[in-house]
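Descriptive analysis of the structure
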Amino acid sequence: MLSSSPALPVDMTTRLQEGVEGARRRGWWVVAAVAVVVNLAVTVKVGLTAVEPELPFDELHLLQLARLLAGEPVPDFGSAGYYPLWGILLTPLWWFLDDPGTVYRAASVVGLVVGAATIWPLALVVRRVGLSLPQAVAVAAVVMTLPARAIQADYLMSERLLFLAVTLAALAAFRLWERTTVLRAVVFGLAVALAYLTHVRMITLVLASAVWLLALLLKRWAAALAGLATLAAGYLAADRLAGYLNELLTGASPSQSDGFLASMQDFHLTNFVRVVLSHTWAQLVGSFGLVAVGFVAVVVWSWAEVRKGRLGRACWVFGVFVATFLVSALAWSNTEDLWSAGWRRLDAWVYTRYLDPVSGIVVALGLAVLVAGVVRTRAWAWATGAAVAVAAAVVLLVAPMAPTWAYITPVHVPGVLPFAWTLPDAGYDTPLLPSFTNANRFWLLASLAVVACLVAAFLLRRRTKVVVVGALVVASLTTLAADRASDAYRAGQGLDPASTVGFEQFLAEHDVDTVGWDFSCNRDMLSRGAGLNYVGYELLPDVITERVDSAWDDDPDLDVVVSCWGGTRLQNSGALHLEGYEIFEAWVWVMPGALQDELLADGTLTPAG
């Protein structure tokens, strides 16, 4: 049910639509239905290329964890550790399927279902702004079609489940404020804990929610205490479970927080200011300005709550958003990521993935207040003025020094991916002020798109159906444009399954069920770990991969080892190169023993020297 009072303060709005009479007309149901259908079509189109793993740590960690929980043997695996709820949800797939490619594709379908399911709770959240049900559904479907969310269908990350979890937490928070009961407080605590179990970076959600519950003590202490107790227990349980499962899979505790702590030790204010500006800009680009409208709404609403001596729903949204934004900005404000890394990445400058699961709520609220038709001109001025100020600062002060030519990983920057076609193919000398035609045009063209969308929405503000349909068209077209960039990335990443087919046949013919992956070859640590994880996954279910370190042990108790290209320390123990198989830039070597003798006898192997 709708709350008795509007979610936006009266001093920000004109009158709410009385009874939202126009919203009950058949036209809004048509718009809602079209928006949902378009969202499904666009996300399915994006997900069509999600047929094999591309991210050797993020994706494969959760797939291997699911296999482990299904009771199946898993290969040696290495990663920084990921929180397990998405892997737990995928576990049943391994009970019915065993081919790794089929499991990946089935998991991709599960992800599509999770994304589609998010529309309903997100609609219930934005309905609090004063929308009818069809209006709210249309808004939610549009938000789910924007690139920041839809491009995740091309990968098997935790992000879609995380956005669903955050949305459910937001809905629980709104419902708790509307009716502060012990049961609703317990549900809220559990919802926040589940979001944290999905990803460790939702520690910001936990902390902001804990502060909010403390403030709720003034409203109803029994419910607040119940919520705090549930949240604390859920946090501790999630943390312990994540640590335990990571120990089982990787032999180590999760270490993702280590990178954040290292960034804090390398903190420089100028770097932080740059990242705050560029990450804000990236959120504006990823929502085509809607995040500015939503944030203005949340700020004004929060101020109205504070003036009344309470921290309500808007304060919760504000606290979660700001806390998550600051942690994301701090994580990328270090000199190494921005300036010094041998592998230069544009990602650090325009990273949106960390904030997207939270900013999605603010974006939805932004579109919702436009549809409700309650935004005064001065609120438009605040939102548009802030967007223009940020864009100008970025174009003039940040963009000239940014490595716009550097590497991007689409899954990390989905919000800006529609403009990937403007990125240069080669490096250039910095500083370079963006123009319409030079190599640094990315920043200027994306900024103008944001301003154009905000102006168009203002001019059409009284035609709310047109605003929603226009937003749906923009979201769909830009997601399809972003998908082209994502598909191009996928084509050049990962381990081609075809490259292991012959090797798998060889292993099956000779009853080899365990192979080694040599971690001591002369390649960077990232490639060593990626190779271990890729090969380990592709050889399932019949062959288990074990980590080998020939620098420490050049005579492992294995018949076959995937080791260094051109030569390996294993040759000191008599290993021979098996020609015809090249896997992830590595050669296959056969150790002394019965298999080597057999292959020498039939001429498959050539004696050394």
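Use the structure listed above.
Overview of the structure. (Residues numbered from 1 in each chain as written. Predicted model: local features only at pLDDT ≥ 70, side-chain atom pairs only at ≥ 80, totals over all residues. Heavy atoms only, no water.)

Before going further, it helps to spend a moment on the overall build of the chain. Assigned secondary structure in the chain consists of 25 helices and five strands. Relative to a compact globule of 609 residues, whose C-alpha radius of gyration would be 25 Å, the chain shows 26 Å and is just as compact. Summarising its shape, the C-alpha atoms of the chain cover approximately 90 × 60 × 50 Å along the three principal directions. In the chain, buried positions account for 57% of the 609 residues. Within the chain, counting contacts between residues at least 6 apart in sequence, those at least 24 apart form 76% of the total. (Helix = DSSP H or I, 4+ residues; strand = E, 2+ residues; numbered from the N terminus. Rg over C-alpha atoms; globule rule 2.2 N^0.38 Å. Buried < 20%, exposed > 50% of the residue type's maximum accessible area, 1.4 Å probe, protein only. Contact = heavy atoms within 4.5 Å.)

With that out of the way, let us pick up the packing of helix H14 (residues 269–287) against helix H15 (residues 290–307). Close contact between H14 and H15 brings their axes to 6 Å; oriented N to C, the two are set at 110°. Relative to H15, the element H14 is oriented roughly perpendicular. Of the residues in H15, those touching H14 at Gln283, Leu284 and Ser287 are Leu290, Val291 and Ala292. Per-class residue counts for the contact of H14 with H15 are four nonpolar, two polar and no charged. (Axes fitted to C-alpha atoms, helices over the stretch in contact; angles between N-to-C directions. Parallel < 35°, antiparallel > 145°, perpendicular 65-115°, else oblique. Nonpolar A, V, L, I, M, F, W, Y, C, P; charged D, E, K, R; others polar.)

All right, on to the packing of aromatic side chains then. What the rule picks out here adds up to 25 aromatic pairs. Both rings, one in Phe174 and one in Trp301, keep their centres 6.0 Å apart while their planes meet at 80°; by these two values the pair is edge-to-face. Taken together, the residues Phe174 in helix H9 (residues 159–178) and Trp301 in helix H15 connect sequence positions 127 residues apart. The exposure class assigned to Trp301 is buried, which follows from its relative accessible area of 6%. Both rings, one in Phe442 and one in Trp443, keep their centres 5.2 Å apart while their planes meet at 75°; by these two values the pair is edge-to-face. Exposure remark for Trp443: the relative accessible area of 0% places this residue in the buried category. Of the aromatic side chains, those joined through ring pairs into one cluster are Trp177, Phe188, Trp212 and Trp316. If you follow Arg149 out to its NZ or CZ, it ends over the ring of Phe163, 5.4 Å from the centre. (Phe/Tyr/Trp six-rings, centres within 6.5 Å; stacked < 30°, edge-to-face > 60°. Lys NZ or Arg CZ within 6 Å of the ring centre and 35° of its normal.)

Moving on, we come to the sheet that holds strand E2 (residues 544–548). Reading across the sheet, the five strands line up as E2-E1-E3-E5-E4 and stay open at both edges, with mixed pairing between neighbours. A single partner strand is all that each edge strand has here, and the edge strands are E2 and strand E4 (576–582). Strand-to-strand twist of the sheet, defined as the mean angle between neighbouring strand axes without regard to direction, takes the value 30°. One ladder, built from five bridges, connects strand E1 (residues 514–518) with E2; its direction is parallel. Looking at E2, one finds that Val515 is bridged to Thr545. Contacts between helix H23 (residues 498–509) and the sheet are confined to E1, strand E3 (560–563), E4 and strand E5 (587–590), with E4 contributing the most and set at about 135° to the helix. Taken strand by strand, helix H25 (residues 594–601) contacts E3, E4 and E5, and its axis lies near 105° from that of E5. (Pairing = 2+ DSSP bridges.)

Let us look at the side chain of Asn533. One can find Asn533 in helix H24 (residues 525–538). Assessed through its relative accessible area of 0%, Asn533 is described here as buried. At 3.0 Å, the side chain of Asn533 and the backbone oxygen of Pro56 are in polar contact. The residues touching Asn533, leaving out its near neighbours within four places in the chain, are Pro56, Phe57, Leu60, Phe77 and Gly78. (Polar contact = N/O pair within 3.5 Å; in protein donor to acceptor, adjacent residues only side chain to side chain.)

On the secondary structure map, Ala195 appears in helix H10 (residues 182–198). In the structure, Ala195 is positioned 143 residues away from Glu52 in sequence and 26 Å away in space, judged by C-alpha atoms. Contacts of Ala195, omitting those with residues within four sequence positions, involve Leu162, Ala165, Val166, Met202 and Leu205.

This part covers the pattern of salt bridges. Evaluation of the coordinates by the stated rule reveals 10 salt bridges. Taking the shortest distance from any N to any O, the salt bridge between Arg128 and Glu178 comes out at 2.8 Å. Of this pair, Arg128 sits in the loop between helix H6 (119–126) and helix H7 (133–145) while Glu178 sits in helix H9, placing them 50 residues apart in sequence. With relative accessibility at 7%, the residue Arg128 sits in the buried group. One salt bridge in this structure joins Arg345 and Asp347, with 2.9 Å as the shortest N-O distance. Grouping residues by exposure puts Arg345 and Asp347 together as buried. (Salt bridge = Lys/Arg side-chain N within 4 Å of Asp/Glu carboxyl O.)

Attention shifts here to a negative patch on the surface. A cluster of like negative charges, contributed by Asp76, Glu546, Asp553, Asp555, Asp557 and Asp559, occupies part of the molecular surface. Residue position: Asp559 is located in the loop between E2 and E3. The exposure class of Asp559 is partly exposed, given its relative accessible area of 35%. (Patch = residues over 30% accessible without salt bridge, like charges linked within 9 Å, V, L, I, M, F, W, Y side chains within 5 Å. Areas by Shrake-Rupley, 256 points an atom, 1.4 Å probe, with all protein chains shown as cover. Lys, Arg positive; Asp, Glu negative; His and termini not counted. Charge placed at Lys NZ, Arg CZ, Asp CG, Glu CD.)

Looking now at the packing of H6 against H9. Two numbers describe how H6 lies on H9: the axes approach to 9 Å, and their chain directions differ by 35°. The handedness of the crossing between H6 and H9 is left-handed. Between H6, through Pro121, Leu122, Leu124 and Val125, and H9, the contact on the second element is made entirely by Phe163, Leu164, Thr167, Leu168, Ala170, Leu171 and Phe174. By residue class, the composition of the contact of H6 with H9 is 10 nonpolar, one polar and no charged. (Left-handed = near helix turned anticlockwise from the far one by under 90°.)

On to the environment of Asn39. Following the sequence through the fold, Asn39 ends up in helix H1 (residues 26–47). The class for Asn39 is buried, based on a relative accessible area of 2%. For Asn39, the contacting residues outside a window of four places in its chain are Ile119, Ala141, Met144 and Thr145.

This brings us to the nonpolar core. With 197 residues, the main nonpolar core has Trp281, Trp316, Trp443 and Phe503 as its most contacted residues. Looking at this core element by element, the count peaks at 14 residues for H9. What Phe503 contacts, discounting residues up to four positions off in sequence, is Val515, Leu539, Val560, Val562, Tyr581, Ile583 and Val588. (Core = buried A, V, L, I, M, F, W, Y, C linked by side-chain atoms within 4.5 Å.)

Residue placement: Arg201 occurs in the loop between H10 and helix H11 (203–216). On the basis of relative accessibility, which here comes to 10%, the residue Arg201 falls in the buried class. A distance of 2.9 Å separates the side chain of Arg201 from the side chain of His199, its partner in a polar contact.

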